[in-house]
Amino acid sequence: LLFQDWNLPAISSSASAHNISRDLFVLTYGALVAQLCKDYDSDEEVNKYLDAMGYNIGIRLVEDFLANSGIKKCRSYSETVDIIAKVAFKMYLGITPSTIGGNQNGNGFSLILDKNPLVDFVEELPSGRSSLSYCSLLSGVLRGALEMIHLPADVTFVQDRLKGDDVTEIGITFLRKTDERKAKKNK
């Protein structure tokens, strides 16, 4: 099986079918991470692999998202982050993260996950794997999807409950300034 070709399960018409699909995905993901930890000595290699796999999913998933969500073009970074939190996460993971927005440049935001389905069956990181970013698949998915709609971004885990933090926080920093995007459109 090529894990890069997987798509995240979408919400089906039946809530029970969705829960089964999500639980199967979460269990399979856990088995994948466990196998990667056996295959690679360093956490950085595992993190890099999970991020790359997520990126490949994201570049494919954005087309499904745009086709099934009815979302049109967003006018700002904050609107984009709201759509990610309120529509995309709801469609594919059944959760709605809260958003914290805007650094000084207006291009940095955070998604706060009160519940992270990828860790539903995980109590703690494997021993000796303290720098493992277990959910780095999610940051790759977001990065790949955003790149496909011409919004390159740096996506990282700022806080992680699996590492003892109070919340799970995903940071999104858009790499182009809003003014640059507008100037390119006007040329």
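Residues numbered from 1 in each chain as written. Predicted model: local features only at pLDDT ≥ 70, side-chain atom pairs only at ≥ 80, totals over all residues. Heavy atoms only, no water.

An unreviewed UniProt entry lists the protein chain under the name Trafficking protein particle complex subunit 3-like protein, with Eleutherodactylus coqui as the source organism. A UniProt comment under Function (unreviewed entry) is attached to the protein chain, and it reads "May play a role in vesicular transport from endoplasmic reticulum to Golgi." (UniProt positions renumbered as here; feature names shortened; annotations may be inferred.)

(A) Structural detail: the sheet that holds strand β2 (residues 108–113). In space, the four strands of this open sheet follow the order β1-β2-β4-β3, with antiparallel pairing throughout. With partners counted over all chains shown, the strands left at the sheet margins are β1 (98–101) and β3 (153–159), one partner each. Averaged over all pairs of adjacent strands, the angle between strand axes in this sheet comes to 25°, irrespective of strand direction. Of the strand pairs in this sheet, β2 and strand β4 (residues 168–174) are connected by six bridges, and their pairing is antiparallel. Note that in β4 the partner of Gly 108 across the bridge is Thr 173. Running over the sheet, helix α3 (residues 77–93) touches β1, β2 and β4 and is turned about 20° from β2. Strands β2, β3 and β4 of the sheet are contacted by helix α4 (residues 136–148), whose axis makes an angle of about 155° with β3. (Pairing = 2+ DSSP bridges. Helix = DSSP H or I, 4+ residues; strand = E, 2+ residues; numbered from the N terminus. Axes fitted to C-alpha atoms, helices over the stretch in contact; angles between N-to-C directions. Contact = heavy atoms within 4.5 Å.)

(B) Structural view of the environment of Asp 82. Summarising the element assignment, Asp 82 is placed in helix α3. With 29 residues separating them along the chain, Asp 82 and Leu 111 place their C-alpha atoms 9.2 Å apart. Contact partners of Asp 82, with chain neighbours within four places excluded, come to Val 87 and Thr 99. A distance of 3.4 Å separates the side chain of Asp 82 from the side chain of Thr 99, its partner in a polar contact. (Polar contact = N/O pair within 3.5 Å; in protein donor to acceptor, adjacent residues only side chain to side chain.)

(C) Looking closely at the nonpolar core. Counting 46 residues, the largest nonpolar core has Tyr 29, Phe 89, Leu 111, Tyr 134, Ile 170, Ile 172 and Phe 174 as its most contacted members. Elements that contribute at least two residues to this core include exactly α1 (15–39), α2 (43–69), α3, β2, α4, β3 and β4. Phe 89 has contacts with Ile 84, Gly 94, Ile 95, Pro 97, Leu 111, Leu 113, Leu 142 and Ile 170, leaving out every residue within four places of it along the chain. (Core = buried A, V, L, I, M, F, W, Y, C linked by side-chain atoms within 4.5 Å. Buried < 20%, exposed > 50% of the residue type's maximum accessible area, 1.4 Å probe, protein only.)

(D) Representation of α2 within the structure. Within α2, the axis deviates most sharply at Leu 61, by approximately 30°. The first or second residue beyond α2 is Gly 70, which carries a positive phi of 75°. (Bend = angle between axes of the 7 residues up to and from the residue.)

(E) Examining a nonpolar patch on the surface more closely. On the surface, Leu 66, Met 148 and Ile 149 cluster together into a nonpolar patch covering about 240 Å² of accessible area. Position of Leu 66 among the secondary structure elements: in helix α2. (Patch = residues over 30% accessible without salt bridge, like charges linked within 9 Å, V, L, I, M, F, W, Y side chains within 5 Å. Areas by Shrake-Rupley, 256 points an atom, 1.4 Å probe, with all protein chains shown as cover. Salt bridge = Lys/Arg side-chain N within 4 Å of Asp/Glu carboxyl O.)

(F) Here's a closer look at the pattern of salt bridges. Under the counting rule described, the total for this entry stands at four salt bridges. Ionic pairing is found between Asp 43 and Arg 129, a salt bridge with its closest N-O pair at 2.8 Å. Taken together, the residues Asp 43 in helix α2 and Arg 129 in the loop between β2 and α4 connect sequence positions 86 residues apart. Accessibility expressed as a relative area gives 6% for Asp 43, which makes it buried. Residue class for Arg 129 comes out buried when judged on its relative accessible area of 10%. Between Lys 115 and Asp 120 there is a salt bridge whose closest N-O contact spans 2.8 Å. Taking the relative accessible area as the measure of exposure, Lys 115 reaches 43% and is therefore partly exposed.

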